[in-house]
Every structure is written in C-alpha cells, then in structure tokens.
Amino acid sequence: MLYAIFGVQTFLQRDLELRNLSLFNRRKGFSYLFQKSLLFPFSISFFLSQGFIYLFLLSSRKSSSPAAIMSSSSPKMITLQSSDGETFEVEEAVAMESRTIKHMIEDDCANSSIPIPNVTSNTLTKVIEYCKKHVEAKSDEEGLKSFDAEFMKIDKDTLYDLLMASNYLDIKSLLDLGCQTVADKIKGKNPEEIRKEFGIKNDFTPEEEEEIRKESPWVFD
Amino acid sequence: METFHHAQISIPLPYNFTITSSNTGSIPGPAANCITTPWMDSRIWSRLPQRLIDRVIAFLPVPAFFRARAVCKRWYGLLFSNSFLELYLQVSPRCHWFIFFKQKSLKSNIYKTTNGGNGADRINCEGYLFDPYETKWHRISCPLIPPGFSPASSSGGLICWVSEEAGSKSILLSNPLTGSLTPLPSTLRPRLFPSIGLTISNTSIDLAVAGDDMISPYAVKNLSTENFHIDGGGFYSIWGTTSSLPRLCSLESGQMVFANGRFYCMNYSPFSILSYDIIANQWCKIQAPMRRFLRSPSLVESKGKLILVAAVEKSKLNVPKSLRLWSLQDCGTMWVEIERMPQQLYLQFSDVENGQGFNCVGHGEFIVILIRGSEKALMFDFCRKRWQWIPSCPYIHGYRSYGDQAGELHGFGYEPRLATPVTALLDQLTLPFQSFSG
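Residues numbered from 1 in each chain as written. Chains lettered and ligands numbered in written order. Predicted model: local features only at pLDDT ≥ 70, side-chain atom pairs only at ≥ 80, totals over all residues. Heavy atoms only, no water.

Looking at the sheet that holds strand β11 (residues 204-210) of chain B
Residues and elements named next belong to chain B.
Here is step 1: Across the sheet, 4 strands lie side by side as β10-β11-β14-β15; this open sheet has antiparallel pairing. The outermost strands of the open sheet, each flanked by one partner alone, are β10 (195-200) and β15 (236-244). With direction set aside, neighbouring strand axes in the sheet form an average angle of 15 degrees.
Here is step 2: Pairing geometry for β10 and β11, over 6 bridges, is antiparallel. Following the sheet pairing, Gly197 is matched in β11 by Ala208. (Pairing = 2+ DSSP bridges. Helix = DSSP H or I, 4+ residues; strand = E, 2+ residues; numbered from the N terminus. Axes fitted to C-alpha atoms, helices over the stretch in contact; angles between N-to-C directions.)

Considerations on the domain arrangement of chain B
Residues and elements named next belong to chain B.
Here is step 1: By domain assignment, chain B separates into domain 1 (9-91) and domain 2 (97-427).
Here is step 2: Across the contact, 10 residues belong to domain 1 and 9 residues belong to domain 2.
Here is step 3: Taken together, both faces of the contact between domain 1 and domain 2 bury some 830 Å²; the carbon and sulfur share is 79%.
Here is step 4: Where domain 1 packs against domain 2, one counts 0 salt bridges.
Here is step 5: Run the count over domain 1 and domain 2 and you get 1 residue pair in polar contact (both at pLDDT 80 or more).
Here is step 6: Those elements that place two or more of their residues in the side of domain 1 that touches domain 2 are α3 (62-68) and α5 (82-91). (Domains from an automatic or database assignment. Contact = heavy atoms within 4.5 Å. Buried area = accessible area lost by both parts, 1.4 Å probe. Salt bridge = Lys/Arg side-chain N within 4 Å of Asp/Glu carboxyl O. Polar contact = N/O pair within 3.5 Å; in protein donor to acceptor, adjacent residues only side chain to side chain.)

Some details on the confidence of the model for chain B
Residue and element names in this part refer to chain B.
Here is step 1: Here chain B shows a mean pLDDT of 80. Residues at 70 or above account for 81%.
Here is step 2: The weakest mean pLDDT in chain B belongs to strand β2 (residues 19-20) at 40; the strongest belongs to helix α2 (residues 50-58) at 93.
Here is step 3: Confidence drops under pLDDT 50 across residues 400-404; counting only partners more than four residues distant or on other chains, this segment forms 8 contacts.
Here is step 4: Within the model, the stretch residues 431-438 combines pLDDT values under 50 with 10 contacts to residues more than four positions away or in other chains.
Here is step 5: Under the prediction, the complex receives an ipTM of 0.75, its pTM being 0.75. (pLDDT = per-residue confidence, 0-100.)

A few points about the packing of helix α5 (residues 121-136) of chain A against helix α7 (residues 156-169) of chain A
Relative orientation and spacing of two packed helices are given, respectively, by the angle between their axes and the distance between those axes.
All names here are of chain A.
Here is step 1: Interaxial distance between α5 and α7 falls to 10 Å at its minimum, and their mutual angle equals 70 degrees. Our classification of the angle between α5 and α7 gives roughly perpendicular. Like other packed secondary-structure pairs, α5 and α7 cross with a definite hand, here right-handed. Contact residues: Thr123, Lys126 and Val127 in α5; Thr158, Asp161, Leu162, Ala165 and Leu169 in α7.
Here is step 2: Residues that form the contact of α5 with α7 fall into these classes: 4 nonpolar, 2 polar and 2 charged. (Parallel < 35°, antiparallel > 145°, perpendicular 65-115°, else oblique. Left-handed = near helix turned anticlockwise from the far one by under 90°. Nonpolar A, V, L, I, M, F, W, Y, C, P; charged D, E, K, R; others polar.)

Focus on the interface of chain B and chain A
Here is step 1: The partner chain A presents 46 residues to the 53 residues of chain B that form the contact.
Here is step 2: Both sides together, the interface formed by chain B and chain A hides about 4,800 Å², and carbon and sulfur atoms give 65% of it.
Here is step 3: At the boundary of chain B and chain A, one finds 3 salt bridges.
Here is step 4: Residue A:Asp176 pairs with B:Arg55 through a salt bridge whose shortest N-O separation is 2.9 Å.
Here is step 5: Across the chain B-chain A interface, the total number found is 9 residue pairs in polar contact (both at pLDDT 80 or more).
Here is step 6: Secondary structure elements with two or more residues in the side of chain B that touches chain A: α1 (42-45), α2, α3, α4 (73-77) and β5 (136-141) of chain B.
Here is step 7: Ranked by residue count, the leading element in the side of chain B that touches chain A is α3(B), at 6 residues.
Here is step 8: Classifying every residue of the side of chain B that touches chain A by side-chain character gives 34 nonpolar, 9 polar and 10 charged.

Some thoughts on the environment of A:Cys109
Here is step 1: Locating A:Cys109 in the fold gives a position in the loop between α4 (99-106) and β3 (114-115).
Here is step 2: For the pair A:Cys109 and A:Glu86, spaced 23 residues apart in the sequence, the C-alpha separation amounts to 20 Å.

Considerations on the nonpolar core
Here is step 1: With 81 residues, the main nonpolar core has A:Leu80, B:Trp45, B:Phe66, B:Trp75, B:Phe84 and B:Leu418 as its most contacted residues.
Here is step 2: The biggest single contributor to this core is helix α8 (residues 172-186) of chain A, with 7 residues.
Here is step 3: Counting the residues that make up this core, at least three belong to each of domain 1 (9-91) and domain 2 (97-427) of chain B.
Here is step 4: One finds B:Ile171, B:Leu173, B:Ile196 and B:Leu198 within the second-largest nonpolar core, a separate group that totals 21 residues. (Core = buried A, V, L, I, M, F, W, Y, C linked by side-chain atoms within 4.5 Å. Buried < 20%, exposed > 50% of the residue type's maximum accessible area, 1.4 Å probe, protein only.)

Section: the packing of aromatic side chains
Here is step 1: Applying the stated criterion across every chain yields a total of 27 aromatic pairs over all chains.
Here is step 2: Summarising the aromatic geometry, the rings of A:Trp218 and B:Phe66 are spaced 6.0 Å apart at their centres and angled 55 degrees between planes, so their arrangement reads as tilted. Highlighted residues: A:Trp218 in the segment after α10 (206-215) and B:Phe66 in helix α3, drawn from two different chains.
Here is step 3: By relative accessible area, A:Trp218 is classed as buried at 6%.
Here is step 4: Of the residues examined, B:Phe66 reaches a relative accessible area of 3% and is grouped as buried.
Here is step 5: A network of ring pairs unites the aromatic residues A:Trp218, B:Phe65, B:Phe66, B:Phe84 and B:Tyr88 as a single cluster.
Here is step 6: Directly above the ring of A:Phe220 sits A:Arg213, whose terminal nitrogen or CZ lies 4.8 Å from the centroid.
Here is step 7: Its guanidinium or amino end placed over the ring of B:Tyr76, B:Arg69 lies 4.1 Å from that ring's centre, counting from NZ or CZ. (Phe/Tyr/Trp six-rings, centres within 6.5 Å; stacked < 30°, edge-to-face > 60°. Lys NZ or Arg CZ within 6 Å of the ring centre and 35° of its normal.)

Quick notes on the environment of B:Asn82
Residue and element names in this part refer to chain B.
Here is step 1: Checked against the element boundaries, Asn82 lands in helix α5.
Here is step 2: Asn82 gets classed as exposed once you look at its relative accessible area, which sits at 61%.
Here is step 3: Taking the C-alpha atoms as reference points, Asn82 and Gly127, 45 residues apart in sequence, are found 28 Å from one another.

Structure follows, in structure tokens:
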C-alpha cells in the first residue's frame, strides 16, 4: 500500500513537472515564476501529508503486533495450581524462575492454569515468595544474601518440602540454597549421627571403619 | 549450632543442661537412641531421593566430606564416581584456604647433613591446612612425595613440588586430598632455587620457572625464565617458551603471584615488582609505592588485583608507622592505598614482631600475616574489613629444628578440591605429538 502511495505521489509529481514545463513554455518571465512559487507549497504540503499517512500506517501496524506489550498495561500473569487445589497468580517473570514452568510456557502448554501436583499450597507460597524476591532485587547481592539467610530459618518439614519442590520445579538457586542449608546442619556430625539422620544402615565392618579413619586421620582430629 | 537434649537429669535444677555435639570420632553408645532433637528425624530425611542426598554431600566442606565417607559404602564410593564428581565440580562453592609447610633452612639443603636428611623427610610429609572461615588448623600428610622435593606453589587444588637438587628441575603436581601425583617434564636449563609461578584453570596449566640459572657449577645468575603451558584447546609449550629477566634483578622470595594474566614477583634492593606477561612472554618492572620506606613487602592477589602488603616505617617520615595495603590499578603502574592496619592493632603487632619481619599470603578475600620468629599470626578479611588474630598452628608447638628457622611456616593459598580433572591433560604428554614453542 505504501508503494501505491508513492506511486501516486511520483505520478502527481511528474504531472506537476509536466505542467511546469508547459507553463514555462507558454509564459516566460515573472508570471512563470509566480506560477512556480504557487505550485511549490502545494507540493510541499503534498509530501508532508504523505509523510503523515506513512507514519500513521506504521504506528497502526506496530500497535496491532501481538509481540509488543505496551508498558502501560499490566504484565502477563500465570496461574499456578497447587496439589490441594489452591490457585496462585504470579507474574510471568517470577514464574519463569522455575525452568519446568519456563519450558511449559515456551512450549505453549500454559494457557490456562498450570497444575503443580507435587507441591502443596504452603510450600508453593514460600517458593513464590522466594522467586518474587529474587526477580525484584536481582542486582542487590547483599540484600539477597540476608533475605536468603532469613528465608532458611524454617523447620525441617518445610525445608524438606522446599527441597522437593525446587527439585521438581527446577529452581537451581533455591535448590542449592536448600542443599547448602542441610549440608551446614550435618557438617558437624560424626558418621553415626549422619546415619541416624538419613536412616542409613551401616554396612561397614568395624575393621573397615577403622581403615577409613586411618585413611584420612586429619578430619577426625 | 545444634543442641542435644539428653535424657533429663533428675536433679532439681532450675534449668536443663544442653550439651552441644562435638566433632569427636567416637561412636555414641546406646544412649544415642534416646536423643531427640528437632533435626534428628529420619522420618523426613530418609525420604530424600539419592540425587538430592548427593547434592547435599557436594555442598559439604572437605573435612565433613571425608567424615561422611565413613557412613556407608555408597557414600564412600562417591569420591570415585564420575557423576558425583561432575556434580561436585558444578555446585561446590569455592573455599579459600591456606596450606603451610615447615620452612627448611637453606643450609640443610646445600650441605645435606645426615641429620637434615631425617628431618627433611618429616618436614615434607606434613602440611598444615588453615581454614579461615572457621579459623581452624588441620594437619595433613603427604606421604607419597618422594624425598628431595619441596612445595613451591599451589593453584586449582594442586600443589607444585620442585626438586631441590641443583640442575634441571623436576616438577610434580599433587592433590593432597586424594594423594594423586602427576609429574611434569623436567626443565631444560640447570637452576639452583628458581622462583616458581603456577596457575591452573579448568582447562589449562601454566607454569613459569624463573631465575637462578647456573652459569657454572658454582655460580648462579638471574638470567632467564622458562614457561610451560598446556591447555584443552590443543596448545602445548613444554619449556619451549623462554624469556630473559630484566638486568640486575634479585628474586629472593621464590614465589610468584598470579593476577590478571600475569605473574608478579618481588624484586629486592631496591624494592620493585617484576611482572611477567604470560601471553606476550615478556618481563617488565613496576615501581613499588614508597619503595625506600618499605619493610617486609609481600605480594598477594585478591579479586583479580595485585596487592602489595608492607610495613612502612622511617623515622624521617611524618606519617606514623603502619602496615599498609596497596592495590595495583588497571594501568599497571599506579598503586592506590586501599587499607591500613588500625593503629592500636599495629602497636600490638609491632610488639610481637619486634622488627623481625613477617610473611604474607593471600587467597580470595583473606590475607594471613605470619610473624617471623613467633607463632602468632594475623588475618585480614577483605569482605568484612576485619583484622583478627588467629590461633597459632597447634601441630608445630615445641618443634625445634636445627638451624635458624625454628618451626617457621611458609605457605600459599590453597583451594581444597576433591578432583582435579585438568591433570588429564598431562597424561597425554607421554604420547608423541606436535608441540608449539614461542
């Protein structure tokens, strides 16, 4: 359509030139110049109107594009549904912290609400709180560190649920934070205490255990 | 951290005793059954899938990891499992430890008395790990190192051992945690006690051997440097890259610090810093700040920048005596003072030090200052801007050596790693191949 406009424009331009020529041929001198000066503003206004039409079409094209999300409107919201039926509305950016959800959105399976069958609403609330904070305060390292420290002051049930949820939802930072917290809890324990903690059976004979202690005596100092 | 509530003691006391768990290796007896704490709940943690348990183990600090190996056979075997080591190398946080060795006096090396022979073995066998996060010392033995080698540098979890004999130098890389030992080809030129610089990344090994060329069996001169390079991209330089040192330089510290693509070394009388650009294969000299007023300067690296630590004292100066840190700016010639020891602390420090001098080592955000002739040491934490005295190494008490350097420690920054896959590059050196040089 733009080409059509330009085509018309050049046609009209040529028409004008031809008229100019004919004017020139017929009337020389002052009257000719007067004619030309009149035609000149006409052509300018014509060109300007072309420009406005062009810009108008361009802007209308832009606004009809589905990819352009205007900043004035609200960000896209994703609905998550926990295992006990509760729904949570979160911003897309927050939901994308979970790689599992991110892949679902990219594969276009996330039009209605996304069911998360393994995660209860309590745990999902905590996970969303974590992701929100990490999206909002992305550049503030110190603030995130203190937030993480406070966030991990939870009881063992919640920590276990968070670990399993972040593993299922594939949120690496939360998973690593949880694993680091558990590691900090068990790093001071001796092997027997660790066995009790994880319900592991001791399959070493006493001699074998003694051998292991001799291998790295420096850690048992 | 955790508290245990043992079975209640039936004494009418106004409060309950709480006993904290200790790091003893002893297995608690049947009394362990009645321990109930908020964390000891195998109902929950036994349901954790194996992959997540492995991930938790990967986050354990190294001493805790070796203790955890005694839990069961599966956990014992994790150290040799490729999948676990891959996970470990991905997630394990970097920790900036230090390793120290007893200083062997030069006399015992040169004269090689029989007394020195016995003691030398003992000295080589032990390294003292320092954990700056818990300010704890550990003693680790290195029994596989052959006699006649001394530790020179460390990087990427590996320690570089250099042969002490005059002549062409043999070099070994060892991981003290797993006991692995990988030899490097010997250097080409004969040297006496060269300075060694080592830097290891995930895919490359770079080693520079500088100075102390033996121009005759009884004379040494600081003439040249040899460079060893190997990387995963297929480039090798087996001591083929050489470069000449600047004239009249004296590298006495024996150690080179790596920062930002260059090796830096302290040059004495007058103080200046020699810098070796690995890629350009060139040495240059950098002037030290306040060079006429420095005492016991040392170089350390922190966050990719070179830092000079030295005491400043000269009676003619108007400034008070102090211990200062300067950081080398990106231009490569300007120094900016970034930190100064608080005056009160410096008074305590100079009381202990008494003019004998000090050595300084740095790793990550920590700088450890060892005072010569004393067992005391100071530590500075860059992140928290905190100076603190650290407990002296408990394993060298009462050790009196023959010679002047009684029980003195020298060391470098060390990062404990369970696996160092980059040594696989060195295994390829036994095959014939095309080598780049220059």
